[in-house]
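Now for the letters of each chain:
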Amino acid sequence: MIPRHGGNRYQASLRAGCAPEEILDFSASINPFGPPIDVGELLRREPELLTDYPDPEAWELRNALAKHHGVDPDWILPGNGAAELLTWMARDFNRQGGAVTLVDPAFADYERALDSFEVPILRQPMTIPEFDLPALPGGIGLILNNPHNPSGRLFVRKQLESVLEDYDLVLVDEAFLDFVPGQETGETESFIPLVAQYPNLVVLRSLTKFYSLAGIRLGYAIAHPDRLARWQAWRDPWAVNALAQRLGTLVLAQDDFRLKTLAWLQEERAFLSTAIENIEGLTPFPSTVNFLLVHSNSSIHSIKEKLLKRDHILIRHCGSFELLGDAYFRISIRTRAHNHQLIDALKAHVS
Ligand SMILES: Cc1ncc(COP(=O)(O)O)c(C=O)c1O
């Protein structure tokens, strides 16, 4: 079976016959330079992060996020990863009573969350291989993902804003927007400034990818305070653990890390993309974020197996995205040395 998510190093190691730490993971799109905080030192200084209950309302983190985005803290709700908040969003879609439109291919966890509240799903396919958006004529619910996973495309907000009038409830998942540099291109496309005006809008963000906190789990929603207060009442009171809350507050202050990541990404993405383009049979899709979607003329299944078993390299086979089948894989952008390892292995296995 093709996994629906990347990043399962343990499971990959069983198949590759090696230790989990020997797997070179290109399947989950995590910044290779993080986290920017010395967690060992933090725990020695603040052992209560392990021994005490977390603040159920996470006010320190909410205040830091509020400052970061220029919104009031009660318009923000941290979650145990953005994935946890998808669950409560799905419960709101269920209350809305009707189908939710997903732009296909879509991040697999949307379906998991919607299925758990028995929300009907309407799939609207993108054009492939351009990955242009389909027509979005209006309806009850809509989930948009910008930048889009798995293509890496960034859509211009101005061309999408009308959906807020055309759909009763809209989720915009901006889990990868931090990787798009500068006020000019990245945050200008964010829907966050529209939240105050549209109570039917929820924006979702993640700190797990940019700050390498995927294991600790941390994301947040920005939406009307009434909606977020309802979600807080529904869930486990300590959903966001104390270490995650503290780390979230600390990473937001790491401006140097942010700038270094963005500068590195521009250069490394161009390097990796060109190197892949030079391998006959492989075509990378232009990306605005820290992963590349790659089309292959030969079966990905056999390339993936060889990479895993001979080189202990894990890539994301896109077969679980129904529209993409066995013709696409996704890779994260890693350090130059790791990228070289991948390129050499691909050259050996792609025929
Ligand atoms: C588009 C998208 N949204 C949300 C998430 C979930 O992020 P988190 O790790 O914060 O739960 C992911 C994770 O891969 C993702 O790709």
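Residues numbered from 1 in each chain as written. Predicted model: local features only at pLDDT ≥ 70, side-chain atom pairs only at ≥ 80, totals over all residues. Heavy atoms only, no water.

With that settled, the discussion passes to the packing of aromatic side chains. For the coordinates displayed, the defined rule picks out twelve aromatic pairs. Arranged with centres 6.2 Å apart and planes meeting at 45 degrees, the rings of Trp 88 and Trp 234 form a pair that is tilted. Within this pair, whereas Trp 88 is found in helix H5 (residues 82–96), its partner Trp 234 is found in helix H9 (residues 225–234), the two being separated by 146 residues in sequence. A relative accessible area of 14% places Trp 88 in the buried class. Judged by its relative accessible area of 22%, Trp 234 falls in the partly exposed class. A centroid spacing of 5.0 Å and a plane angle of 75 degrees characterise the contact between Phe 131 and Phe 285, whose relative ring orientation is edge-to-face. Note that Phe 131 is positioned in the loop between strand E4 (121–125) and strand E5 (139–145) and Phe 285 in the loop between strand E9 (282–284) and strand E10 (291–296), a separation of 154 residues in sequence. The exposure class assigned to Phe 131 is buried, which follows from its relative accessible area of 0%. Its end group placed over the ring of Phe 33, Lys 260 keeps NZ or CZ at 4.6 Å from the ring centre. Here the basic side chain of Arg 330 rests over the ring of Phe 291, its NZ or CZ set 5.6 Å away from the ring centre. (Phe/Tyr/Trp six-rings, centres within 6.5 Å; stacked < 30°, edge-to-face > 60°. Helix = DSSP H or I, 4+ residues; strand = E, 2+ residues; numbered from the N terminus. Buried < 20%, exposed > 50% of the residue type's maximum accessible area, 1.4 Å probe, protein only. Lys NZ or Arg CZ within 6 Å of the ring centre and 35° of its normal.)

One finds Leu 201, Ile 315, Ile 331 and Leu 346 to be the most contacted residues of the largest nonpolar core, which totals 82 residues. For this core, the element with the highest residue contribution is helix H11 (residues 255–277), accounting for seven residues. Residues in contact with Ile 331, not counting those within four places in the same chain, are Phe 26, Leu 272, Ile 276, Asn 290, Phe 291, Leu 292, Val 294, Ile 315 and Leu 342. Listed in part, the 24 residues of the second largest apolar core include Leu 77, Leu 102, Ala 106 and Leu 228. (Core = buried A, V, L, I, M, F, W, Y, C linked by side-chain atoms within 4.5 Å. Contact = heavy atoms within 4.5 Å.)

The next subject is the environment of Asn 149. Summarising the element assignment, Asn 149 is placed in the loop between E5 and helix H7 (163–166). Between the alpha carbons of Asn 149 and Phe 107 there is a distance of 6.4 Å; along the sequence they are 42 residues apart. Asn 149 has contacts with Pro 105, Phe 107, Phe 176, Phe 291 and Arg 330, leaving out every residue within four places of it along the chain. Among the polar contacts listed, one links the side chain of Asn 149 to the side chain of Arg 330, at a separation of 2.8 Å. (Polar contact = N/O pair within 3.5 Å; in protein donor to acceptor, adjacent residues only side chain to side chain.)

Moving on: unusual backbone geometry. Residues apart from glycine generally show negative phi values, whereas peptide bonds are mostly found in trans. Here the bond from Asn 146 into Pro 147 is cis, since omega is -5 degrees, no more than 30 degrees from zero. Tracing the backbone through its elements, the reader meets Pro 147 in the loop between E5 and H7. With an omega of 20 degrees, the peptide bond running from Asn 149 to Pro 150 counts as cis. Mapped onto the elements of the fold, Pro 150 is located in the loop between E5 and H7.

Looking now at the domain arrangement of the chain. Domain boundaries in the chain define domain 1 (9–36 + 256–349) and domain 2 (52–251). Counting residues at the interface gives 25 residues for domain 1 and 32 residues for domain 2. Buried area between domain 1 and domain 2, summed over both chains or domains, comes out near 2,300 Å², and the portion from carbon and sulfur atoms is 71%. It is Phe 285, Thr 288 and Leu 323 in domain 1 that bury the most area against domain 2; as a group they hold 23% of the surface buried on that side. At the boundary of domain 1 and domain 2, one finds seven residue pairs in polar contact (both at pLDDT 80 or more). Elements supplying a minimum of two residues to the side of domain 1 that touches domain 2: H11, E10 and strand E13 (328–332). Examining the composition of the side of domain 1 that touches domain 2, we find that six residues originate from one element, H11, more than from any other. The class makeup of the residues in the side of domain 1 that touches domain 2 is 15 nonpolar, eight polar and two charged. (Domains from an automatic or database assignment. Buried area = accessible area lost by both parts, 1.4 Å probe. Nonpolar A, V, L, I, M, F, W, Y, C, P; charged D, E, K, R; others polar.)

Now for the pairing of strand E6 (residues 167–173). Counting buried positions over the seven residues of E6 gives six, a clear majority of the element. Here E6 pairs with strand E7 (residues 201–206) via four bridges, running parallel. By the bridge assignment, Leu 171 is partnered in E7 with Val 202. (Pairing = 2+ DSSP bridges.)

Its 14 residues give helix H13 (residues 336–349) an end-to-end C-alpha distance of 20 Å, which sits within 8% of 20 Å, the value for a rise of 1.5 Å per residue. Buried within H13 are the following residues: Asn 339, Leu 342, Ile 343, Ala 345, Leu 346 and His 349. Looking straight down H13, one finds that the buried residues subtend no more than 170 degrees of arc, so they occupy a single side. Summarising the geometry of H13, the exposed residues directed more than 90 degrees from the buried face are Ala 337, Lys 347 and Ala 348. (Expected span 1.5 Å × (residues − 1). Arc of directions from axis to C-beta.)

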